[in-house]
Amino acid sequence: MSTDFLNISIFKDVVCVIFVGMLAHPSKCAMTEDELKDFLANVYEKMASDMCTRLNEAEWNYDTDINNEEKQQILLNVTLEAAALQKDNWQKYFKDLNPDDYQDEEIKRQVKDLRILGNAALDEEKLSELTTTTNSMTNIYSTAKICPYTNINCDLSKDGLSLEPGIEAVLAKSSDYDELAYVWKTWRDASGAKMRDLYKIYVDLSNEAAVANDFKDKGELWRDSYESPTFIQDMDDLWSQVEPLYAELHKYVGNKLKEVYGDKLDNSDGLLPAHIFGNMWAQEWNNIAQLVKPFPNASKVDVDQALIDQKYTVLDMFKTSDNFYQSMGLVPNDICYNTSAGAMIEKPTDGREVLCHASAWDFCDGQNYRIKMCTEVNYEDFVVIHHEMGHIQYYLQYAEQPYNFRDGANPGFHEAIGDTIALSVSTPKHLQKINLLQDYEDNDESSINALMDIALQKVAFLPFGLLIDKWRWDVFSGAVTQDKWNSHWWEYRKQYQKLKPPVPRADPRDFDPGAKFHVAGDSQYIAYFVAHIVQFQFYRSLCIAAGEYNPDDKEVPLHKCDFYESTAAGEKLKDGLSLGASKHWSDVLEVMTEERKLDATALLEYFEPLYNFLKEQNQKLKL
Ligand code: X8Z
Ligand code: ZN
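Residues numbered from 1 in each chain as written. Chains lettered and ligands numbered in written order. Predicted model: local features only at pLDDT ≥ 70, side-chain atom pairs only at ≥ 80, totals over all residues. Heavy atoms only, no water.

Peer 1: I keep staring at the packing of helix α9 (residues 196-212) against helix α18 (residues 444-477) and nothing clicks. Help me out?
Peer 2: Working note: a packed helix pair is described by the angle between its axes plus the distance between those axes. Between α9 and α18, the least distance of the axes is 9 Å, while the angle of their chain directions is 70 degrees. The orientation of α9 with respect to α18, classified from their angle, is roughly perpendicular. Side by side, α9 and α18 meet where Tyr199, Tyr202, Val203, Ser206 and Asn207 of the first sit next to Trp471, Arg472, Val475 and Phe476 of the second. In terms of residue class, the contact of α9 with α18 is made up of 6 nonpolar, 2 polar and 1 charged. (Axes fitted to C-alpha atoms, helices over the stretch in contact; angles between N-to-C directions. Helix = DSSP H or I, 4+ residues; strand = E, 2+ residues; numbered from the N terminus. Parallel < 35°, antiparallel > 145°, perpendicular 65-115°, else oblique. Contact = heavy atoms within 4.5 Å. Nonpolar A, V, L, I, M, F, W, Y, C, P; charged D, E, K, R; others polar.)

Pasting the structure below:
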């Protein structure tokens, strides 16, 4: 979590008049290059960092005790205080700055950033309403509970299941078609449907803030962080590259699920019901791996069992992940999972309601970094730990950058780092090294099984990663009106994921997008789509650096590379991460991969053996 989450950055309230004597146009209060450099380094840096620390502390305290009204009030107060200060200083010093007036590339980049006020552009009353609205949606999402299938008229306060771990566990483990449909529907009734009216307030106020920042709407403001005038087209082009692979996976998995569910499952329209993929949003399908395994008799990866057998604790999983990062010569991550230093790595049992969705925090003081996660001992969470550790490693690597550059090269880079590491960790080769996989025989069949496991996470995710923000861009721009919000959502679910709802949906009763954390929580999502593409570019490059992959030697496929203990790979990663946001992401990508564009070729290279297998199998189905 950084202050961008609140769209606020803060600097010291210095008095403009101190610069006036030196300025050519004192009325505008613009600073010369030297003055601005001096101001940013010696005044703004500390002030912005201190306020960022205060905001993160207030946010942390609230997120880890969300029914505490006092903490909610403190968060609101700090948010308003920060915004008022930011706005005041923006009016005095930054609003008239023009990047073209400066020579130094880094100063130009900082000026571009400083000119954006974000939500602080709203007056106090409206900012207060927007903050309260977003907090209320997050609160609804985090405290929503449903009755168990076996006791549908339960007393929610006593027997209600929350998303983590209760509801997610049902989704992951049950293959009772009707139970899954019940859980799928009741979760949406308890979460999304309850925030539809709040979402309208949120959209209107967010748009108002965006317009005050000279953007057409909030979607355009969000897309600005990707610094690409063709961003929407870029995303569509990436989707075109990967869609054929997704289509084969969808077809193969659909046929396997048909074998499991028989007549209950009607896929005659080419669409599959969204509730049988082991995940509330069908965004990752790894929990149904056992149902769709291509070669059930070949060796398979069952890390869940190994973790249990070896009596792993949550802390052990964090230490194992940290060990991987350190093996590459990266900075130890131990502070972020140290509960005495404030981290929350398990769901509290003291009655507090917390926001369980995993996150990694930078407290902007160069000392405090924390993970907040309701971790369970299973392979899925082991992978999420690596994801969160990637955020922390990024924070640590760019800690020496100025405040404005302590950020990802773009939001997708931030989401990709831990996933890149997890790609290496998830290879059977590595899992054997750390003893989480035994009796594994490496052959063509087990390789396809292993690759399928990764495809169920990564390929299955792609259309979901794209469609959430496609939908929000349409909402923010007004291309879809409130009376069609939910049906528009399902048009995209059908078009991209080829999924349909298991029970009828209707506007205005239902609001299914709100049943997803990032929609309720005002967190942009296209970053994950970008991350799912670029992590394969990173992975391929690190594999080459580690001497684990040679693109000209087809004998050793990309998906078998493990760069554990490779300091050469570690150096490559450091070179990119330490730049933070100081350069355009194309430049950072070049440092890390020698490529300048987002491109799915590395992803396709990685999955090539599986793609060929799926095409061949699906072809047989037709005959
Ligand atoms: O939200 C997350 C991370 C925290 S940044 C756990 N992810 C997305 C999600 O859960 O929907 C990681 C993958 C996609
Ligand atoms: Zn993340």
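Peer 1: Whenever I open this one, the packing of aromatic side chains confuses me. Can you help?
Peer 2: Centre distance and the angle of the planes are the two values used to describe a pair of aromatic rings. With the rule as written, the count across this model stands at 49 aromatic pairs. Note on Phe461 and Phe464: the rings are 6.3 Å apart at their centroids and 70 degrees apart in plane angle, and the pair reads as edge-to-face. A residue pair is termed a helical-turn pair when its members lie 3 or 4 positions apart in one helix, as Phe461 and Phe464 do in helix α18 at 3 residues. Given a relative accessible area of 1%, Phe461 falls into the buried group. Between Trp471 and Trp489, the ring centres sit 5.8 Å apart and the planes meet at 85 degrees, which makes this aromatic pair edge-to-face. Here Trp489 lies in helix α19 (residues 485-497) and Trp471 lies in helix α18, a separation of 18 residues in the sequence. For Trp471, a relative accessible area of 0% translates into the label buried. A residue is classified by how much of its surface remains accessible, and Trp489, at 2% relative accessible area, is buried. Above the plane of the ring of Trp60 lies Arg370, whose end atom (NZ or CZ) is 4.9 Å from the centre. Directly above the aromatic system of Phe363 lies the positively charged group of Arg370, at a separation of 4.5 Å from the ring centroid. (Phe/Tyr/Trp six-rings, centres within 6.5 Å; stacked < 30°, edge-to-face > 60°. Buried < 20%, exposed > 50% of the residue type's maximum accessible area, 1.4 Å probe, protein only. Lys NZ or Arg CZ within 6 Å of the ring centre and 35° of its normal.)

Peer 1: Please explain the coordination of the zinc ion (ligand 2) as it appears in this structure.
Peer 2: A metal bound by six donors in octahedral fashion has ideal angles of 90 or 180 degrees, whereas one bound by four tetrahedral donors has an ideal angle of 109.5 degrees. Every protein donor of the zinc ion (ligand 2) is listed here as His387 (NE2), His391 (NE2) and Glu415 (OE), and their distances to the metal cover 2.0 to 2.1 Å. Given 4 donor atoms and angles of 90 to 130 degrees at the metal, the environment of the zinc ion (ligand 2) is assigned as tetrahedral. Coordination of the zinc ion (ligand 2) draws on donor residues from a single chain, spaced H-x3-H-x23-E in sequence. Placement of His391 in helix α15 (residues 379-397) and of Glu415 in helix α16 (residues 411-425) is noted, with a sequence separation of 24 residues between them. Taking relative accessible area as the criterion, His391 reaches 7% and is therefore assigned buried. Judged by its relative accessible area of 12%, Glu415 falls in the buried class. (Donors = N, O, S within 2.8 Å, 3.2 Å for Na, K, Ca; no water. Tetrahedral: all angles 85-135°; square planar, octahedral: opposite > 155°, others 65-115°.)

Peer 1: Help me understand the environment of Asp176 in this model?
Peer 2: Checked against the element boundaries, Asp176 lands in the loop between α7 (163-173) and α8 (177-190). For Asp176, a relative accessible area of 33% puts it in the partly exposed group. For Asp176 and Gly412, which are 236 residues apart along the polypeptide, the C-alpha to C-alpha distance reads 36 Å.

Peer 1: How should I be thinking about the site of ligand 1 in this particular structure?
Peer 2: Taken together, 13 residues surround ligand 1, and among them His357, Lys516, His518, Tyr525 and Tyr528 come closest. One nitrogen or oxygen atom from the side chain of His357 is found 2.6 Å from an oxygen atom belonging to ligand 1. Between an oxygen atom of ligand 1 and a side-chain N or O atom of Lys516, the distance comes to 2.7 Å. Considered on its own, ligand 1 offers 370 Å² of accessible surface; in the complex 86% of this is hidden by protein. (Near = heavy atom within 4 Å. Polar contact = N/O pair within 3.5 Å; in protein donor to acceptor, adjacent residues only side chain to side chain. Areas by Shrake-Rupley, 256 points an atom, 1.4 Å probe, with all protein chains shown as cover.)

Note that all results are geometric; they support no functional claim without further evidence.
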